[in-house]
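Secondary and tertiary structure notes
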Amino acid sequence: LLMYIFLSDIKNSQCRQQDLYNLIEINDYETHYTHNSSTLIFTVKIDPKIGNILSFNSVHQAVEIFENENLIYKYPTADNNPFGKSPGYAWHFVELKKDINSIKIVITSPYRSHSRFNKPIYVGNVISLTSHIFDSNIFSFIICVIIFFIGFCMTIYFIIVRSNTDINNKLVVLGIFSILLSIWSINECNLSFLILRNNIVTSYISFLSLMLLPMPYAIFIKSYYNDNNKVWNYFFVADVIQIIFCVLMQVTGLLDLSSTLWSTHIMIIFIAFIVLYDSLINIHDTSKSLNVKIHIICLMICAFCLILDLISFYNGADDNNVFGRIGFLLYIIVLGISSTWESIDLMKKGRQAREYRQLAFTDQMTGMKNRTCFNNEFEEFSQKPDDIAIIDFDLNNLKHINDNYGHSSGDKYISGSARIISEIFANIGSCYRVGGDEFVVIIDNSSNIDIVYYLAMLESSIDSFNRENKGFKMQIAYGTAVYDPETDKSLEDTYNRADKFMYEDKKLKKSYSKK
């Protein structure tokens, strides 16, 4: 893009003074075809104002150029493809020496589908040719970059949101599809041949991205339609087999990716029929019809754009894929927005569900886990009770405080006791309020914890509270028991022993307070 701006700036400042941006397109040439080659013969008269550089691009084709029967250019100069037969994608710039040149271009390809040459041939100078390539292809190139950026943003958005909430995978697979589509489309753009100098790697990246495209697209449509039809599973299995087949053929050297491209085309046709079939079935489902209608409209836009591309192709346009790229861009934007809205709605519902769950398992007065949560988690702890300690707490004299100091003081007693218990034991165990004046702490891996030390901290905190409080006095009874497989049949027996010890401590502390 910066190069395009630079060339445009040069063009605007100099085109009035000299004919740097003039070029000619050669259309009048004699052509001879064989089963794997094309030979083009024509005469070029050099105009010094235009330039003496012959230029064209090739796809999976080897090129030889003869000037007055003398070989002046050869591509590739050697067999430089370690992966297969393809010479890759390339732009060719050849300087012609004479004023009048009899030119013969011999095009050969290892693939019969590329043996015929149908690219435009230009004569000009470096600036005019480069500027023409940029002018003709920059719009398509920018669209490809935008598609890549959108796909990248979708993927990053999913990763960030996924860490905080549970959402489906629509956005991430649409993002991956967009990235693969943009990579394939960028490598098919004529401008890329000029920018990306490794022509062979470029061509194979194009094959690989196209080969991988059907899988994320199928996963997205399945998720977007919320469809569990078994036909999707058949497609996934077939596509994995097809990918493995192509890779094995490439690695073993039996066939390269270009030679197995037909199998990718079959998978694309397969997914097209599945999408059409699934759309016709699900459009009558009221829970899915909106998504199906949105998708059908997007497909119609893409089809319309592809028709425009065909018209451009038969009208001789340099870049006959621009409308298709626009169609895919609109397709990705519309479905991306639709999926984003849905993910936001799911996040809101998920947030509400977590809030309801928190309300259902949280004691509103103290903020501790409530009795319902205790019952659920106690069952989980009971699955592996070894080395679990239970501390049972009870607040002494709560009724006396309510009757003599008021229920607000009783609430202060409960909340103050809960705060002290949480501050001391929350870091080593799970704290619960299981009744009006009853609390429980469950400690896992208790053998690594000095519970006596924490109980001493509890007594110290109670003393501090009582010194600061001029009204009622806090007194908390507690009992501790550690699961013993010789005496406890279950964790419930451990809890009962802790409860028994708590009542003994309760009587003892009440007797001391009377004295």
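Let us look at the structure shown here. Just so you know, these numbers come straight off a predicted model, no measurement behind them. (Residues numbered from 1 in each chain as written. Predicted model: local features only at pLDDT ≥ 70, side-chain atom pairs only at ≥ 80, totals over all residues. Heavy atoms only, no water.)

Observations regarding the layout of surface pockets
In this structure, the second largest pocket spans a volume of roughly 250 Å³. Taken together, 17 residues form the lining of the second largest pocket, with Asn397, Asn466, Lys473, Met474 and Gln475 sitting closest to its centre. Per-element accounting of the lining of the second largest pocket gives the leading share, 4 residues, to helix 14 (residues 451–468). Residue composition of the lining of the second largest pocket, grouped by class: 7 nonpolar, 6 polar and 4 charged. (1 Å grid on protein atoms, 1.4 Å probe; cavity = no way out; pocket = protein on both sides within 12 Å on 5 of 7 lines; lining within 4 Å. Points joined across faces, edges and corners; volume = space filled by probe spheres on them. Helix = DSSP H or I, 4+ residues; strand = E, 2+ residues; numbered from the N terminus. Nonpolar A, V, L, I, M, F, W, Y, C, P; charged D, E, K, R; others polar.)

Structural notes on the pattern of salt bridges
Counting across every chain of the model gives 9 salt bridges. Linking Glu459 and Lys509 is a salt bridge whose minimum nitrogen-to-oxygen distance equals 3.1 Å. Of the two residues, Glu459 sits in helix 14 while Lys509 sits in helix 15 (residues 491–514), which places them 50 residues apart along the sequence. The salt bridge involving Asp505 is made with Lys509; its shortest N-O contact spans 3.1 Å. (Salt bridge = Lys/Arg side-chain N within 4 Å of Asp/Glu carboxyl O.)

Quick word on the sheet that holds strand 2 (residues 30–33)
If you trace the 5 strands from one edge of the open sheet to the other, you get 2-3-8-5-6, paired in antiparallel fashion. Looking at the sheet topology across the chains shown, the edges are occupied by strand 2 and strand 6 (70–75). Pairs of neighbouring strands in the sheet enclose a mean axial angle of 15°, with direction left out of account. Bridge count for strand 5 (residues 62–67) against strand 6 is 5 bridges, and the pairing is antiparallel. Considered in strand 6, the bridge of Val63 is made with Tyr75. (Pairing = 2+ DSSP bridges. Axes fitted to C-alpha atoms, helices over the stretch in contact; angles between N-to-C directions.)

Quick word on unusual backbone geometry
Pro76 follows Tyr75 through a cis peptide bond whose omega is -10°. Here Pro76 is to be found in the loop between strand 6 and strand 7 (89–95). Although it is not a glycine, Glu69 sits at a positive phi angle of roughly 70°. Along the chain, Glu69 falls in the loop between strand 5 and strand 6. Although it is not a glycine, Asn226 adopts a positive phi angle of roughly 55°.

What to know about helix 11 (residues 371–383)
Between its terminal C-alpha atoms helix 11 stretches 19 Å, which fits the 18 Å expected from 13 residues at 1.5 Å a residue. Among all positions of helix 11, only Cys373, Phe374, Glu377, Phe378 and Phe381 are buried. For helix 11, the buried positions fall inside an angular range of 130° around the axis, keeping them on one side. Residues of helix 11 that are exposed and point more than 90 degrees away from the buried face comprise Glu379, Glu380 and Gln383. (Expected span 1.5 Å × (residues − 1). Buried < 20%, exposed > 50% of the residue type's maximum accessible area, 1.4 Å probe, protein only. Arc of directions from axis to C-beta.)

Let's talk about the pairing of strand 2
Strand direction decides the pairing type here: strand 2 and strand 3 (residues 37–45), joined by 4 bridges, are antiparallel. By the bridge assignment, His32 is partnered in strand 3 with Thr39.

Overview of a nonpolar patch on the surface
Residues Phe148, Phe152, Ile156, Ile159 and Ile160 make up a contiguous nonpolar surface patch of about 450 Å² in total accessible area. Tracing the sequence through the fold places Phe148 in helix 2 (residues 126–162). (Patch = residues over 30% accessible without salt bridge, like charges linked within 9 Å, V, L, I, M, F, W, Y side chains within 5 Å. Areas by Shrake-Rupley, 256 points an atom, 1.4 Å probe, with all protein chains shown as cover.)

So, helix 6 (residues 214–224)
Counting buried positions along helix 6 gives 9 out of 11 residues, so the element sits mostly inside the fold. Listing the buried residues of helix 6 in full gives Pro214, Met215, Pro216, Tyr217, Ala218, Phe220, Ile221, Ser223 and Tyr224. Of the residues trailing helix 6, Asn226 is marked for its positive phi of about 55°.

Side note on the sheet that holds strand 9 (residues 121–124)
What the 4 strands build is an open sheet, ordered 1-9-4-7; its pairing is antiparallel. Each edge of the open sheet carries a strand with a single partner, namely strand 1 (24–26) and strand 7. Averaged over all adjacent pairs, the angle separating strand axes in this sheet is 25°, with direction ignored. Bridge count for strand 1 against strand 9 is 3 bridges, and the pairing is antiparallel. Within strand 9, the position partnered with Glu25 by the bridge is Tyr122. Packing against the sheet, helix 2 makes contact with strand 4 (53–59), strand 7 and strand 9, and its axis sits at approximately 140° to strand 9. (Contact = heavy atoms within 4.5 Å.)

Comments concerning the pairing of strand 11 (residues 430–433)
The two faces of strand 11 match: Ser430 and Tyr432 on one face and Cys431 and Arg433 on the other face are all buried. As paired elements, strand 11 and strand 12 (residues 438–443) share 4 bridges and run antiparallel to each other. Counted as the bridge partner of Ser430 is Ile442 from strand 12. Linkage of strand 11 to strand 12, two consecutive antiparallel strands, is achieved through a turn of 4 residues.

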